[in-house]
Amino acid sequence: MKTTLVTDIALLRHAIAQARRSGRTIGLVPTMGALHAGHLSLIKAARAETDFVVVSIFVNPTQFGPKEDFNRYPRPLERDLELCGQAGADLVFHPQPEVMYPSDYRTFVEVTGLQDVLCGASRPGHFRGVATVVLKLLNLVQPDRAYFGQKDAQQVRIVQQMVRDLNVPVEIRVCPIVREADGLALSSRNEYLEAEERRQATVLHRALTKAQRRIEAGEHDAAVVRQVMVEQIASVPGAVLDYAAVVDADSLQALDRIDAERPVLLALAVRFGSTRLIDNLLIR
Ligand code: PAF
């Protein structure tokens, strides 16, 4: 399928207006490119559920800290366009940074409480950048549905809250984490890993599933469950723990006790050399 590439806002709005006029529903899949099977599952879900599928490819500068990998982030545009076409996208929106953030840009979105915990604690300002660019994309495309991966559980929770608080007329769809055969969650950052680090990185999923089994066996003490993850990560010499957390899936606040009534999110961030990986497991 041929995908149209659009880099400016006027042409994007024109294409969207045309799709709307012909009565089509619109799906948006926001990405930063370097697409993998996880992104493709989002595009395919949008294809199955909406009539006109827009994929945005934009490495958003405002969600990277000054010492983070903004410059190094992979940008294989040709390949991404081909994958978008194969997965059924109708249009790819790929703006330059100055299109999204002109020199006099001043407005940012903050989702207080949810943005400063977990990844927000080690990446200050990250979710302010995410919420801002996602709201801009939702305003530009005005989709019926927007698709996000559960891999970025905190991002999903923040986007859901923002949409609710700011009355954005869109349905947020959350698609399951896509994993390699050995359990590693797909991420554009996996390609930074050296061969040995790639082998070590399977510990994230092992730690999460071990903690899950402990809960299923009747453990209610969140500290004990967290310790299971900490010990698993510590058993791998190259793995440096950023955080291991057992939190309420709604408030993202640390839990003391795990009970049957409230969904629990087990969440991990671990560094391997200069690469930071995240993973999570939602237990309902
Ligand atoms: O998940 C991502 O790739 C990004 O955070 C997003 C949602 C595209 C915003 O830049």
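Just above, that's the structure.
Residues numbered from 1 in each chain as written. Predicted model: local features only at pLDDT ≥ 70, side-chain atom pairs only at ≥ 80, totals over all residues. Heavy atoms only, no water.

## So, the packing of helix H2 (residues 37-49) against helix H3 (residues 77-87)
Step number 1: Running from amino to carboxyl end, H2 crosses H3 at an angle of 35°, the nearest separation of the two axes being 9 Å. Helix-helix and strand crossings are classified by hand; for H2 and H3 the assignment is right-handed. Of H3, the residues touching H2 (which contributes Leu40, Ile43, Lys44 and Arg47) are Leu83, Cys84 and Ala87.
Step number 2: Split by residue class, the contact of H2 with H3 holds five nonpolar, no polar and two charged. (Axes fitted to C-alpha atoms, helices over the stretch in contact; angles between N-to-C directions. Helix = DSSP H or I, 4+ residues; strand = E, 2+ residues; numbered from the N terminus. Left-handed = near helix turned anticlockwise from the far one by under 90°. Contact = heavy atoms within 4.5 Å. Nonpolar A, V, L, I, M, F, W, Y, C, P; charged D, E, K, R; others polar.)

## A closer look at H3
Step number 1: All of the buried residues along H3 are Asp80, Leu81, Leu83, Cys84, Gly85 and Ala87.
Step number 2: Buried residues along H3 sit against strand E1 (4-6), H2, strand E3 (52-57) and strand E4 (91-93).
Step number 3: Following H3 by one or two positions, Gly88 has its phi on the positive side, about 105°. (Buried < 20%, exposed > 50% of the residue type's maximum accessible area, 1.4 Å probe, protein only.)

## Examining the sheet that holds E3
Step number 1: Strand order in the open sheet made by the six strands is E1-E4-E3-E2-E5-E6, with parallel pairing throughout. Each of the sheet's edge strands pairs with one partner strand only, and the pair in question is E1 and strand E6 (171-175). Each adjacent strand pair in this sheet contributes to an overall mean axis angle of 25°, direction not counted.
Step number 2: In the sheet, E3 pairs with E4 via three bridges, with the strands oriented parallel. For Ser56, the partnering residue across the bridge sits in E4 and is Phe93.
Step number 3: Packing against the sheet, H2 makes contact with strand E2 (26-31), E3, strand E5 (145-149) and E6, and its axis sits at approximately 155° to E5.
Step number 4: Across the face of the sheet, helix H7 (residues 153-165) comes into contact with E5 and E6 while running at roughly 170° to E6. (Pairing = 2+ DSSP bridges.)

## With respect to the side chain of Lys151
Step number 1: Turning to its location among the elements, Lys151 is positioned in the loop between E5 and H7.
Step number 2: Buried and without a salt bridge, Lys151 has Asp152 as its closest oppositely charged side chain, separated by 4.2 Å.
Step number 3: When neighbours within four sequence positions are excluded, Lys151 is seen to be in contact with Ile177, Ala185, Leu186, Ser187, Ile278 and Asn280. (Lys, Arg positive; Asp, Glu negative; His and termini not counted. Salt bridge = Lys/Arg side-chain N within 4 Å of Asp/Glu carboxyl O.)

## A word on empty space enclosed by the protein
Step number 1: Under the criterion given, the structure shown has one cavity of 30 Å³ or more.
Step number 2: Counted as a void, the largest cavity has a volume near 30 Å³.
Step number 3: Taken together, Lys151, Leu184, Ala185, Leu204, Leu277, Ile278 and Asp279 make up the full set of residues lining the largest cavity.
Step number 4: Here the element with the most residues in the lining of the largest cavity is strand E9 (residues 275-283); it accounts for three residues.
Step number 5: In the lining of the largest cavity, the residues fall into five nonpolar, no polar and two charged. (1 Å grid on protein atoms, 1.4 Å probe; cavity = no way out; pocket = protein on both sides within 12 Å on 5 of 7 lines; lining within 4 Å. Points joined across faces, edges and corners; volume = space filled by probe spheres on them.)

## Focus: the site of the ligand
Step number 1: Every residue near the ligand is listed here: Pro30, Thr31, Met32, Asn60, Gln63, Val133, Val134, Asp152 and Gln155.
Step number 2: Contacts to the ligand include Gln63, whose side-chain N or O atom sits 2.6 Å from an oxygen atom.
Step number 3: In this structure, Gln155 approaches the ligand through a side-chain N or O atom, which is 2.6 Å from an oxygen atom.
Step number 4: If the ligand stood free it would expose 290 Å²; the protein chains cover 89% of that surface.
Step number 5: Of all the secondary structure elements, the ones that give two or more residues to the shell around the ligand are E2 and helix H6 (126-141).
Step number 6: Here the residues of the shell around the ligand are counted per class, giving four nonpolar, four polar and one charged. (Near = heavy atom within 4 Å. Polar contact = N/O pair within 3.5 Å; in protein donor to acceptor, adjacent residues only side chain to side chain. Areas by Shrake-Rupley, 256 points an atom, 1.4 Å probe, with all protein chains shown as cover.)

Everything listed here is a matter of coordinates, which is why it stays silent on function.
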